[in-house]
Amino acid sequence: TAVNTLRDAYLYTGDKKYGRVGAILIDRIADVYPAYDLLPYFGTFYNSHGGSGEGKIVGRIWETGLATAWARGYDAFFDMYDDPYVVDFLAEKAEKYGLENPKTTPAMIRQNCEDGILRTIFTGVKKAQIYGNFGMHQESLIAAAVALDNMPDTKTILDFTMQSGSYSKSKVTGGNVMAQVVDLVNRDGTGNEAGPGYNNLWIDSMLKLSEMLRDYPGYTDADIYQNPKFTKMFAAMVPLTLTSRYTVQIGDSGATGGIGIAISKDSTLVGYKRFGSDLLAQTLYMLNGESVKDLHYDIFTKNPESVQNSVKNTISEKGLLKLGSQNLTGYGFAVLRDGVYAPALVSSDTVDSQRDFWINYGRNAGHGHPDALNLGMDAYGLNLAPDLGYPEATGADVNRAQWINNTLSHNTVVVNETKQNGLTASANIQHFDDSGRVKIMDVDAPKAYNATSIYRRTVVMVEASNDVSYGIDFFHVKGGNDHLYSFHTTASEDGVTENLNMVKQW
């Protein structure tokens, strides 16, 4: 936090009082960072290492945040190592504490920072000590390489970041950036995560990589903006918005009955700045509360408020964001929608008759739940059958293992009293049609259970009036001895019991 705050204060003001403190802090971190290793404490102290035990100061997943912050801090404070106050202060400390590097010149101090932080980041990633979700350690690598700005070392780090590679518990052979985009980002623009929140991390992280490379003239071998899958990622979360109020809760994402759209306004702003898409303009308008007030690019952009007129013109010409029924075969999500939404700013009163039924039929491994063919329904701004979302506690928590991360707590069918298999690919969409008052979606996921040859859900949505629709749910199961149709809805009343005598079970 100190490094980031000092960095921003120095960049925004140019005041040396921030730069001096930041430069000294970065140099001191560089003194000690190479020696840190979390592995000896594995099994004694829990941390964010994904079960590997690897990390430096914190578990390897969160370590990426520290590494990136320090690399960017060194880059920001680079010129401060020419400041006589900084040199004299660090030289005095080096002599007092008998440090190997005497730090009597700017070059010596920079060498200490580059070896202790930037090159240590590269080593740490290769040893899986700095390794997070996709984009996290890659961002650390690119930040280190750009801050180093020293050929051929910078090119070596950037080539490693882009190249295909494998991962083992303590060895990483490549950052896999281009392979991930080509092989794992699907045609809908989402990554291979089940939870929308985790997929959203992909675009946020990829955007940071892309912007750093775009602004660095020393490396032109990889322009991620030229990849069509990457450009599609900017709007990938938009179809997952329900009743204009929240992102669908699938797997480890969102909270029970929670609201809020899991789309980053900052990332959407950058995407709109680069591509000028009407869809991104409408999305920005929605994310900004159906307004352009206070909407702006970052402080380093010439005329940052220019986005306001641009977005306003798009809304005038194209109207508000309106989502119809959609079938995302890459991600594995189908939604039937009806109704209209007109906020008070475009009509005398807010009109909201939006309603939908949706089926999740994508992968349920990783940060997913065993919930193939889970059914949701929303109407008039309410989530009528909410998923449990992100668990209250992670790891081996009993409630997570037995309830939240179990098929029984989802709106689907439990076969033979067991939870579903982990699916790594989307199920089979058999039929999808929203062309009239009667809409239909039909999906088969026979691999959800080893015992089933048919595990199929067909939902029909019928428009009864302009404001009302009803749904009919057909679930076909062939195989297994026990089928339990599980469904969970919101309730406005608490249940009460009378004359109930509990029997002790153990």
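Only a predicted model underlies this, so the values are computations on that prediction, with no experimental measurement involved.

Thoughts on the overall build of the chain
Across its full length, the chain carries 14 helices and 17 strands. If one aligns the C-alpha atoms of the chain with their principal axes, the spans along those axes are about 80 × 65 × 50 Å. Put simply, the chain has 506 residues, and 49% of those count as buried. Within the chain, residue pairs in contact and separated by at least 24 positions form 61% of the contacts whose partners lie at least 6 positions apart. Surface summary for the chain: the accessible area is close to 24,300 Å², and the carbon and sulfur share equals 52%. In the chain, the 44 positive side-chain charges and the 58 negative ones have mean positions that sit 3 Å from each other.

Describing the packing of helix α2 (residues 16–32) against helix α4 (residues 84–96)
One can describe the packing of α2 onto α4 by two numbers: an axis separation of 10 Å at closest approach and a directional angle of 35°. Like other packed secondary-structure pairs, α2 and α4 cross with a definite hand, here right-handed. Listed contacts from α4 to Arg-20, Ala-23, Ile-24 and Asp-27 of α2 are Tyr-85, Val-86, Phe-89 and Leu-90. Classifying every residue of the contact of α2 with α4 by side-chain character gives six nonpolar, no polar and two charged.

Some thoughts on the packing of aromatic side chains
With the rule as written, the count across this model stands at 19 aromatic pairs. Between Tyr-485 and Phe-487, the ring centres sit 6.3 Å apart and the planes meet at 5°, which makes this aromatic pair stacked. Overall, the relative accessible area of 44% leaves Tyr-485 in the partly exposed class. Residue classification places Phe-487 among the partly exposed positions, given a relative accessible area of 29%. An aromatic cluster is built from Tyr-225, Phe-230, Phe-234 and Phe-275, whose rings are joined through pairwise contacts. It is Arg-110 that lies over the ring of Phe-78; its NZ or CZ is 4.1 Å from the centre. Seen from the ring of Tyr-297, Lys-273 lies directly overhead, with NZ or CZ sitting 5.4 Å from the centre.

A short note on the pairing of strand β13 (residues 428–433)
In the sheet, β13 pairs with strand β14 (residues 438–444) via five bridges, with the strands oriented antiparallel. Paired with His-431 across the strands is Asp-442, a residue of β14. The hairpin formed by β13 and β14 contains four residues between the paired strands.

Thoughts on unusual backbone geometry
In this structure, Pro-152 follows Met-151 across a cis peptide bond, with omega equal to 10°. Position of Pro-152 relative to the elements: it lies in the loop between α6 (136–148) and α7 (153–162). Although it is not a glycine, Asp-149 sits at a positive phi angle of roughly 45°. Assignment of secondary structure puts Asp-149 in the loop between α6 and α7. Even without being glycine, Ser-244 reaches a positive phi, approximately 60°. Take Ser-244: it is sitting in the loop between β3 (241–242) and β4 (246–247). A residue is classified by how much of its surface remains accessible, and Ser-244, at 23% relative accessible area, is partly exposed.

Re the pattern of salt bridges
Tallying each qualifying case throughout the model produces 20 salt bridges. With a shortest N-O distance of 2.9 Å, Lys-103 and Asp-31 are connected by a salt bridge. On the criterion of sequence distance, the pair formed by Lys-103 in the loop between α4 and α5 (106–126) and Asp-31 in helix α2 is long-range, its members being 72 residues apart. Lys-103 sits in the buried class, given a relative accessible area of 2%. Members of the salt-bridge network, linked through shared partners, are Asp-27, Arg-28, Asp-31 and Lys-103.

Quick notes on α5
Since there are 3.6 residues in each turn of an α-helix, residues three or four apart along the chain are aligned in direction. Over its 21 residues, α5 runs 29 Å from end to end, which matches the ideal 30 Å to within 8%, given 1.5 Å per residue. Maximal helix bending in α5 amounts to about 40°, located at Thr-120. Residue Ala-128 follows α5 closely and has a positive phi angle near 65°.

Focus on the sheet that holds strand β9 (residues 355–360)
Strand order in the open sheet formed by five strands is β5-β6-β9-β10-β11, with antiparallel pairing between adjacent strands. Looking at strand neighbours, the two that pair on one side only are β5 (326–328) and β11 (382–383), the edges of this open sheet. Pairing of β9 with strand β10 (residues 374–379), which is carried by six bridges, proceeds in the antiparallel orientation. Each bridged residue has a counterpart across the sheet, and for Asp-356 the counterpart in β10 is Asp-378.

Describing the nonpolar core
Ranked by size, the top nonpolar core spans 91 residues in total, and within it Ile-26, Met-206, Val-311 and Phe-333 carry the most contacts. Top element by residues in this core is α6. It accounts for eight residues. In contact with Val-311, not counting residues within four places along its chain, are Tyr-272, Ala-281, Leu-284, Tyr-285, Val-292 and Leu-295. Ranked by size, the runner-up nonpolar core spans 22 residues in total, among them Ala-334, Tyr-361, Ala-372 and Met-461.

Regarding the environment of Ser-170
If you trace the backbone, Ser-170 turns up in the loop between β1 (167–168) and β2 (171–172). For Ser-170, a relative accessible area of 43% corresponds to the partly exposed category. Spatially, the C-alpha atoms of Ser-170 and Phe-275 are 39 Å apart, while their sequence positions differ by 105 residues. If we skip the residues at most four places from it in the chain, Ser-170 touches Glu-54, Lys-126, Lys-127 and Ala-128.

What counts and what doesn't
- Residues numbered from 1 in each chain as written.
- Predicted model: local features only at pLDDT ≥ 70, side-chain atom pairs only at ≥ 80, totals over all residues.
- Heavy atoms only, no water.
- Helix = DSSP H or I, 4+ residues; strand = E, 2+ residues; numbered from the N terminus.
- Buried < 20%, exposed > 50% of the residue type's maximum accessible area, 1.4 Å probe, protein only.
- Contact = heavy atoms within 4.5 Å.
- Areas by Shrake-Rupley, 256 points an atom, 1.4 Å probe, with all protein chains shown as cover.
- Lys, Arg positive; Asp, Glu negative; His and termini not counted.
- Charge placed at Lys NZ, Arg CZ, Asp CG, Glu CD.
- Axes fitted to C-alpha atoms, helices over the stretch in contact; angles between N-to-C directions.
- Left-handed = near helix turned anticlockwise from the far one by under 90°.
- Nonpolar A, V, L, I, M, F, W, Y, C, P; charged D, E, K, R; others polar.
- Phe/Tyr/Trp six-rings, centres within 6.5 Å; stacked < 30°, edge-to-face > 60°.
- Lys NZ or Arg CZ within 6 Å of the ring centre and 35° of its normal.
- Pairing = 2+ DSSP bridges.
- Salt bridge = Lys/Arg side-chain N within 4 Å of Asp/Glu carboxyl O.
- Expected span 1.5 Å × (residues − 1).
- Bend = angle between axes of the 7 residues up to and from the residue.
- Core = buried A, V, L, I, M, F, W, Y, C linked by side-chain atoms within 4.5 Å.

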